[in-house]
Amino acid sequence: DIQMTQSPSSLSAFVGDSVTITCQASQDIRNYLNWYQQKSGKAPKLLIYDASNLETGVPSRFSGSGSGTYFTFTISSLQPEDIATYYCQQYDSLPSALTFGGGTKVEIK
Amino acid sequence: QVQLVQSGGEVKKPGASVKVSCKASGYSFTGYYLNWVRQAPGQGLEWMGRIHSNSGDTYYAQRFQGRVTMTRETSISTAYMELSGLTNDDTAVYYCARDKEVAGIWGYWGQGTLVTVSS
């Protein structure tokens, strides 16, 4: 299976700060990489698909980039409502063996 | 609008089986794959497998092969995930998630079903 290594596992930043999360794949996954936000007790929510495409209705402060094995996810100006855990997920290995990164918990200082 | 509504929480004993349902509405049920993802308490997300709502074709994560069965009933727009041989490690919230227009991108999620395995 393709391993997804996400870092950091947690971070703390001030409101208004820019925060970046990275996700590294164990092999080339082209741009088949999505980012999800999960708030406490809720189902995940799709934010970014195909590495850099913003899902409809998602604020533009969220962005993603990368291809191949290295990807980044950025919140340009952290807001209190962004407190959540963020996951990357690859789907290059369709039809099976889809995998997630370990998650990054984002908190406010 | 697309909605996925899952069955309620379950408490099971070790060795038992559990069957979780996911009822879809707001779209043509037979046009998409439904995926099952689980999350143990305080842990990350884990993909379990997927089923095509029309053909019934299934793909399971290797670690669940032989223990998971995914089915669907098209007449009532409902998918099911059955997990057998439960252990304490299967205590988790189980989610169903529908592909968007492109497979592998999960734009719609159920609310989750907590399955607790305890003697």
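What you are looking at is a predicted structure, and each value in this text was computed from that prediction instead of being measured. (Residues numbered from 1 in each chain as written. Chains lettered and ligands numbered in written order. Predicted model: local features only at pLDDT ≥ 70, side-chain atom pairs only at ≥ 80, totals over all residues. Heavy atoms only, no water.)

Chemist: Lay out the sheet that holds strand β7 (residues 68-73) of chain B with the relevant residues and their values.
Modeler: Residue and element names in this part refer to chain B. Strand order in the open sheet formed by four strands is β1-β3-β8-β7, with antiparallel pairing between adjacent strands. Only two strands of the sheet have a single partner each, and these edge strands are β1 (3-6) and β7. Taking each pair of neighbouring strands and ignoring which way they run, the sheet shows an average axis angle of 20°. By the bridge criterion, six bridges tie strand β3 (residues 18-25) to strand β8 (residues 78-83) in an arrangement that is antiparallel. Residue pairing in the sheet places V18 in a bridge with L83 of β8. (Pairing = 2+ DSSP bridges. Helix = DSSP H or I, 4+ residues; strand = E, 2+ residues; numbered from the N terminus. Axes fitted to C-alpha atoms, helices over the stretch in contact; angles between N-to-C directions.)

Chemist: How would you explain the state of the cysteines if you had to name every residue and give the values?
Modeler: On inspection of all chains with the given rule, the structure shows two disulfides over all chains. Note that A:C23 is cross-linked by a disulfide to A:C88, the S-S spacing being 2.0 Å. In this structure, the disulfide formed by A:C23 and A:C88 twists by about 60° around the S-S bond and is classed as right-handed. One end of the pair, A:C23, is in strand β3 (residues 19-25); the other, A:C88, is in strand β9 (residues 84-90), with 65 residues separating them in the sequence. Considered together, A:C23 and A:C88 belong to a single accessibility category, that of buried residues. Here B:C22 connects covalently by a disulfide to B:C96, the sulfurs 2.1 Å from one another. Between B:C22 and B:C96, the disulfide has an S-S torsion of 75° and is therefore right-handed. (Disulfide = S-S within 2.5 Å. Buried < 20%, exposed > 50% of the residue type's maximum accessible area, 1.4 Å probe, protein only.)

Chemist: Kindly report on the pairing of strand β10 (residues 106-109) of chain B, identifying the contributing residues and their values.
Modeler: Residue and element names in this part refer to chain B. When strand β9 (residues 92-99) meets β10, the two strands line up antiparallel, connected through three bridges. Bridge assignment links A97 to a residue of β10, and that residue is W109. Following β9, the chain reverses through six residues before pairing antiparallel with β10; G104 in that reversal takes a positive phi of roughly 95°.

Chemist: Just give me the short version of the interface of chain B and chain A, but keep the residues and values in it.
Modeler: At the interface, 20 residues of chain B touch 19 residues of chain A. Buried area between chain B and chain A, both sides added, is near 1,600 Å², and the carbon and sulfur share of it is 65%. Broken down residue by residue, the surface that chain B buries against chain A is led by B:L45, B:I105 and B:W106, which jointly contribute 33%. Between A:E55 and B:K100 there is a salt bridge whose closest N-O contact spans 3.1 Å. Taken together, the links from chain B to chain A amount to nine residue pairs in polar contact (both at pLDDT 80 or more). If you list the elements that add at least two residues to the side of chain B that touches chain A, you get β4 (33-39), β5 (46-52) and β10 of chain B. (Contact = heavy atoms within 4.5 Å. Buried area = accessible area lost by both parts, 1.4 Å probe. Salt bridge = Lys/Arg side-chain N within 4 Å of Asp/Glu carboxyl O. Polar contact = N/O pair within 3.5 Å; in protein donor to acceptor, adjacent residues only side chain to side chain.)

Chemist: Please provide a residue-by-residue account of the nonpolar core, values included.
Modeler: A general trend in soluble globular proteins is that nonpolar side chains are found buried together. Judged by nonpolar contacts, the single largest core of 40 residues is most densely connected at A:F100, B:M48, B:M81, B:L83 and B:W106. Contributing elements (two or more residues each) for this core: β3, β4, β5, β7, β8, β9, β10 and β11 (113-117) of chain B. Top contributing element to this core by residue count: β9(B), with five residues. Among residues more than four places away in sequence, those in contact with B:L83 are B:A16, B:S17, B:V18, B:R38, B:M48, B:F64, B:R67, B:V68, B:D90 and B:Y94. Counting residues in each nonpolar core, the second largest holds 24 residues, with A:I21, A:L47, A:F62 and A:A84 among its members. (Core = buried A, V, L, I, M, F, W, Y, C linked by side-chain atoms within 4.5 Å.)

Chemist: Just give me the short version of unusual backbone geometry, but keep the residues and values in it.
Modeler: Cis rather than trans, the peptide bond between A:S7 and A:P8 has omega equal to -5°. Looking at the element boundaries, A:P8 is found in the loop between β1 (4-7) and β2 (10-13). In this structure, A:P95 follows A:L94 across a cis peptide bond, with omega equal to 15°. Tracing the backbone through its elements, the reader meets A:P95 in the loop between β9 and β10 (99-100). One non-glycine residue, A:R30, lies in the positive phi region at around 55°. Within the secondary structure layout, A:R30 lies in the loop between β3 and β4 (33-38). Given a relative accessible area of 46%, A:R30 falls into the partly exposed group. Even without being glycine, B:S77 reaches a positive phi, approximately 50°. With respect to the element layout, B:S77 can be found in the loop between β7 and β8.

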